[in-house]
Amino acid sequence: MSGFDDAPSVAQAFSAAATRPPKKSKRRYTPPFSLRLTIEERKRLNEMAGNQPLGSYIRNRLFNEQVAKRRTVKKPVPDSAMLALLLSELGQSRLASNINQLAKAANMGTLDITPEIEREIEQACSEIQAMRALLITALGIKSVDGE
């Protein structure tokens, strides 16, 4: 005897495997649900949601129950005039050109720090700081360093 007398036959093993319940899916989350809205409907939905995330707002309205907040989200209200001013400043400044010229000179080893170059670097820095301040104001962000 070969010692496999107690082993099930191939037919029995196949039969047993076929009758097992299928394995559960390892997916932990339910699949998302999509909904197409018109531009006007989406705008109205955003207005109705206010500062609340859209998913939470829709869930609250659909099931009439308050869902525990995972985190607070503050949607920035863009100031169009301020953003337009910032874009205008970026377009009018020679900031990119000045920095590129300085980088080329530094790479070639021909960058002599003269009072003129020092003024250009200081001017570039002040322009960057001004643009940063405008952007922070336009987006309604509180500055971390107290500026």
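Report follows, based on the coordinates. Keep in mind that what you see is a predicted model, and the values were worked out from it rather than measured. (Residues numbered from 1 in each chain as written. Predicted model: local features only at pLDDT ≥ 70, side-chain atom pairs only at ≥ 80, totals over all residues. Heavy atoms only, no water.)

### As for the overall build of the protein chain
- From N to C terminus, the protein chain includes six helices and zero strands.
- Starting at the N terminus and walking to the C terminus, you meet the elements of the protein chain as α-α-α-α-α-α.
- The contacts of the protein chain with a sequence gap of at least 6 include a subset with a gap of at least 24, amounting to 53%.
- Accessible surface for the protein chain amounts to roughly 13,400 Å². Of this, 58% is attributable to carbon and sulfur atoms. (Helix = DSSP H or I, 4+ residues; strand = E, 2+ residues; numbered from the N terminus. Contact = heavy atoms within 4.5 Å. Areas by Shrake-Rupley, 256 points an atom, 1.4 Å probe, with all protein chains shown as cover.)

### Some remarks on the layout of surface pockets
- Taken as a whole, the largest pocket spans an internal volume of roughly 490 Å³.
- Lining of the largest pocket is provided by 14 residues; of these, F33, S34, G55, I58 and R59 occupy positions nearest its centre.
- Those elements that place two or more of their residues in the lining of the largest pocket are α2 (39-49) and α3 (54-63).
- Among the elements that line the lining of the largest pocket, the one with the most residues is α3, at five residues.
- Residue composition of the lining of the largest pocket, grouped by class: nine nonpolar, three polar and two charged. (1 Å grid on protein atoms, 1.4 Å probe; cavity = no way out; pocket = protein on both sides within 12 Å on 5 of 7 lines; lining within 4 Å. Points joined across faces, edges and corners; volume = space filled by probe spheres on them. Nonpolar A, V, L, I, M, F, W, Y, C, P; charged D, E, K, R; others polar.)

### A closer look at the environment of D112
- Structurally, D112 can be placed in the loop between α5 (95-108) and α6 (115-139).
- Each C-alpha atom of the pair D112 and L102 lies 10.0 Å from the other, and the pair is ten residues apart in sequence.

### Thoughts on the packing of α2 against α3
- Direction vectors running N to C along α2 and α3 enclose 85°, while the axes themselves pass 10 Å from each other. Judged on the interaxial angle alone, α3 and α2 are roughly perpendicular. Contacts between α2 and α3 pair R42, L45, N46, M48 and A49 from the former with L54, Y57 and I58 from the latter.
- Classifying every residue of the contact of α2 with α3 gives six nonpolar, one polar and one charged. (Axes fitted to C-alpha atoms, helices over the stretch in contact; angles between N-to-C directions. Parallel < 35°, antiparallel > 145°, perpendicular 65-115°, else oblique.)

### A few points about the environment of A124
- Topologically, A124 is positioned in helix α6.
- Here A124 falls in the buried class, since its relative accessible area comes to 9%.
- For A124 and N98, which are 26 residues apart along the polypeptide, the C-alpha to C-alpha distance reads 7.7 Å. (Buried < 20%, exposed > 50% of the residue type's maximum accessible area, 1.4 Å probe, protein only.)

### Let's talk about a nonpolar patch on the surface
- There is a patch of nonpolar side chains on the surface, built from F33, L35 and L37 and spanning about 380 Å² of accessible area.
- Tracing the backbone through its elements, the reader meets F33 in the loop between α1 (10-19) and α2.
- Given the relative accessible area of 75%, F33 is considered exposed. (Patch = residues over 30% accessible without salt bridge, like charges linked within 9 Å, V, L, I, M, F, W, Y side chains within 5 Å. Salt bridge = Lys/Arg side-chain N within 4 Å of Asp/Glu carboxyl O.)

### Considerations on the packing of α5 against α6
- Where α5 contacts α6, the two axes come as close as 10 Å, and the packing angle between them is 140°. Classified by the angle between their axes, α5 and α6 sit oblique to one another. Considering the relative orientation of α5 and α6, their crossing is left-handed. Contacts between α5 and α6 pair L95, I99 and L102 from the former with I117, I121, A124, E127, I128 and M131 from the latter.
- Here the contact of α5 with α6 is composed, by residue class, of eight nonpolar, no polar and one charged. (Left-handed = near helix turned anticlockwise from the far one by under 90°.)

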